[in-house]
Amino acid sequence: MIGYTTLGTNRMPEALAFYDALFALRGASRLMELDTFVLYGASMEEPCVAVVRPYDGNDASVGNGVMVALRTDSQDEVGALYTKALELGGSDEGEPGPRGDGFYAAYFRDLDGNKFCTFCLG
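Rules used in this analysis
- Residues numbered from 1 in each chain as written.
- Predicted model: local features only at pLDDT ≥ 70, side-chain atom pairs only at ≥ 80, totals over all residues.
- Heavy atoms only, no water.
- Core = buried A, V, L, I, M, F, W, Y, C linked by side-chain atoms within 4.5 Å.
- Buried < 20%, exposed > 50% of the residue type's maximum accessible area, 1.4 Å probe, protein only.
- Helix = DSSP H or I, 4+ residues; strand = E, 2+ residues; numbered from the N terminus.
- Contact = heavy atoms within 4.5 Å.
- Phe/Tyr/Trp six-rings, centres within 6.5 Å; stacked < 30°, edge-to-face > 60°.
- Pairing = 2+ DSSP bridges.
- Axes fitted to C-alpha atoms, helices over the stretch in contact; angles between N-to-C directions.
- Salt bridge = Lys/Arg side-chain N within 4 Å of Asp/Glu carboxyl O.
- Expected span 1.5 Å × (residues − 1).
- Arc of directions from axis to C-beta.

Engineer: Please give an account of the nonpolar core that cites residues and values.
Structural biologist: In this structure, Tyr 19, Leu 22, Phe 23, Tyr 40, Val 51, Phe 108 and Phe 116 are the most contacted members of the largest nonpolar core, which totals 24 residues. Per-element tally for this core: the top contributor is helix 1 (residues 12-24), with 7 residues. When neighbours within four sequence positions are excluded, Val 51 is seen to be in contact with Leu 7, Thr 9, Met 12, Ala 15, Leu 16, Tyr 19, Thr 36, Phe 37, Val 38 and Tyr 40. Phe 37, Leu 39, Ala 50 and Val 52 belong to the second-largest nonpolar core, a separate cluster that totals 5 residues.

Engineer: How would you sum up the environment of Lys 84? Please name residues and give values.
Structural biologist: Looking at the element boundaries, Lys 84 is found in helix 2 (residues 75-87). Between the C-alpha atoms of Lys 84 and Ala 21, which are 63 residues apart in sequence, the distance is 7.9 Å. When near neighbours in sequence (up to four residues on either side) are disregarded, Lys 84 contacts Ala 21, Leu 22 and Leu 25.

Engineer: Could you give an account of the packing of aromatic side chains, with specific residues and numbers?
Structural biologist: What the rule picks out here adds up to 8 aromatic pairs. Arranged with centres 6.1 Å apart and planes meeting at 50 degrees, the rings of Tyr 19 and Tyr 40 form a pair that is tilted. Of this pair, Tyr 19 sits in helix 1 while Tyr 40 sits in strand 3 (residues 37-41); the two residues are 21 residues apart in sequence, bridging distant segments of the chain. A ring pair is formed by Phe 103 and Phe 119, whose centres lie 5.3 Å apart and whose planes are at 25 degrees; its orientation type is stacked. Placement of Phe 103 in strand 7 (residues 103-109) and of Phe 119 in strand 8 (residues 115-121) is noted, with a sequence separation of 16 residues between them. Residue class for Phe 103 comes out partly exposed when judged on its relative accessible area of 25%. Members of the aromatic cluster, joined through ring pairs, are Phe 18, Tyr 19, Phe 23, Tyr 40, Phe 108 and Phe 116.

Engineer: Any chance you could break down the sheet that holds strand 8 for me, citing the residues and the numbers?
Structural biologist: Overall, mixed pairing links the 4 strands, which are arranged 5-8-7-6 in an open sheet. A strand with exactly one partner marks an edge of an open sheet, and here the two such strands are strand 5 (67-71) and strand 6 (91-98). Averaged over all pairs of adjacent strands, the angle between strand axes in this sheet comes to 20 degrees, irrespective of strand direction. Relative to strand 8, strand 5 runs parallel, the two being bridged by 5 bridges. In the strand pairing of strand 8, Ala 69 is matched with Cys 117.

Engineer: I'd like a rundown of the pattern of salt bridges, residues and numbers included.
Structural biologist: Scanning the entire structure with this criterion turns up 5 salt bridges. In this structure, Arg 26 engages Glu 77 in a salt bridge whose closest nitrogen and oxygen atoms are separated by 2.5 Å. With a gap of 51 residues between them, Arg 26 in the loop between helix 1 and strand 2 (29-34) and Glu 77 in helix 2 connect regions that are remote in the sequence. For Arg 26, a relative accessible area of 30% translates into the label partly exposed.

Engineer: Please set out helix 1 residue by residue, giving values where relevant.
Structural biologist: Here helix 1 is 13 residues long and its end C-alpha atoms lie 18 Å apart, about the 18 Å a rise of 1.5 Å per residue gives. Among the residues of helix 1, Met 12, Ala 15, Leu 16, Phe 18, Tyr 19, Leu 22 and Phe 23 are the ones counted as buried. The buried residues of helix 1 occupy one face: seen down the axis, they fall within an arc of 160 degrees.

Following this line, the structure appears as structure tokens:
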């Protein structure tokens, strides 16, 4: 159902360095690049994340309650993405751990304050 999610940035070069390194852990890379838009994913047939400069020219801002969830295959992958995000300058929003019946997750924010969850089921 989801084709892609966009995340605004005011610091495109820094954001791209952050996402290049973070998404590489999931086998994703840049699939499309325009002046104001870079699309990341494993393929165009799977959901993607786009990093964008806002079209209206105003500063990017974080949406309250907006979050991107990155599915992984294991608790180790949850921890690896969370750790990499913090190493790259992201901030902690919840360390890796169980979050209910069969849901294991960690939460972080990127350099612009966009919130992410990395999780696995089972």
